[in-house]
Amino acid sequence: MAVLIRPLAASDRAEWEDLWRKYLRFYETTLPTEQYDITWRRLLDPAEPMHGHVAFENGVMVGLVHLVFHRSTWLPDVTCYLQDLFVDESQRGKGTGEALIDAAANLARQHNAGRLYWLTHESNVTARRLYDRVADRSGFIQYRKPL
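Structural notes, computed from the coordinates. (Residues numbered from 1 in each chain as written. Predicted model: local features only at pLDDT ≥ 70, side-chain atom pairs only at ≥ 80, totals over all residues. Heavy atoms only, no water.)

Some details on the environment of leucine 82
Item 1. Looking at the secondary structure, you find leucine 82 in strand S4 (residues 79-87).
Item 2. Setting aside its immediate chain neighbours within four residues, leucine 82 contacts Val65, His66, Leu67, Ile101, Ala104, Leu116, Tyr117 and Trp118. (Helix = DSSP H or I, 4+ residues; strand = E, 2+ residues; numbered from the N terminus. Contact = heavy atoms within 4.5 Å.)

Here it is in structure tokens:
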């Protein structure tokens, strides 16, 4: 059975939260409980520039992607940031990640975005193999300053 990709629905909360927790564990981080609620509300609010899609195989949620649309000083059109992409370990290597990226690209096109971009950790070798195949590396390095 092929993987099914669709936008998040209100009924997805429990499965989404399970995958979201696995994603955060993968990056060895935690968030306060209230951030789960804030993020969930934003993803489902049509007035927010955030969107979520999920992947299902045999009726089980196995992947998620979160997108944030924003303006750019470099492009006349909106830009789409793929902020989070996660595929359950049991599903990796089956095309689910690529299908989620394709869904993100389709949504970005629907919003007339001029660019879809994302970041990953340099140690995420498995994901980087996929990303190197489906996208171009920009060469930029991210820096963060705590506020």
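As for unusual backbone geometry
Item 1. With phi around 50°, asparagine 58 is a residue other than glycine that occupies positive phi space.
Item 2. Locating asparagine 58 in the fold gives a position in the loop between strand S2 (50-57) and strand S3 (60-70).
Item 3. Judged by relative accessible area, which is 56%, asparagine 58 ranks as exposed.
Item 4. For asparagine 112, which is not glycine, the phi dihedral falls at a positive 55°.
Item 5. Its location among the elements puts asparagine 112 in the loop between helix H3 (96-110) and strand S5 (115-118). (Buried < 20%, exposed > 50% of the residue type's maximum accessible area, 1.4 Å probe, protein only.)

Some points on the sheet that holds strand S1 (residues 4-7)
Strands pair in a sheet through their backbones, by hydrogen bonds, and they do so in one of two ways: parallel or antiparallel.
Item 1. Pairing within the open sheet is mixed, and its five strands lie in the order S1-S2-S3-S4-S5. The outermost strands of the open sheet, each flanked by one partner alone, are S1 and S5. Geometrically, the sheet is characterised by an average inter-axis angle of 25° between neighbouring strands, direction not taken into account.
Item 2. In terms of strand pairing, S3 meets S4 through eight bridges, oriented antiparallel. Paired with phenylalanine 69 across the strands is cysteine 80, a residue of S4.
Item 3. This element, helix H1 (residues 13-26), spans S2, S3 and S4 of the sheet and lies at about 75° to S3. (Pairing = 2+ DSSP bridges. Axes fitted to C-alpha atoms, helices over the stretch in contact; angles between N-to-C directions.)

Geometric descriptors of this kind do not, in isolation, establish any biological role.
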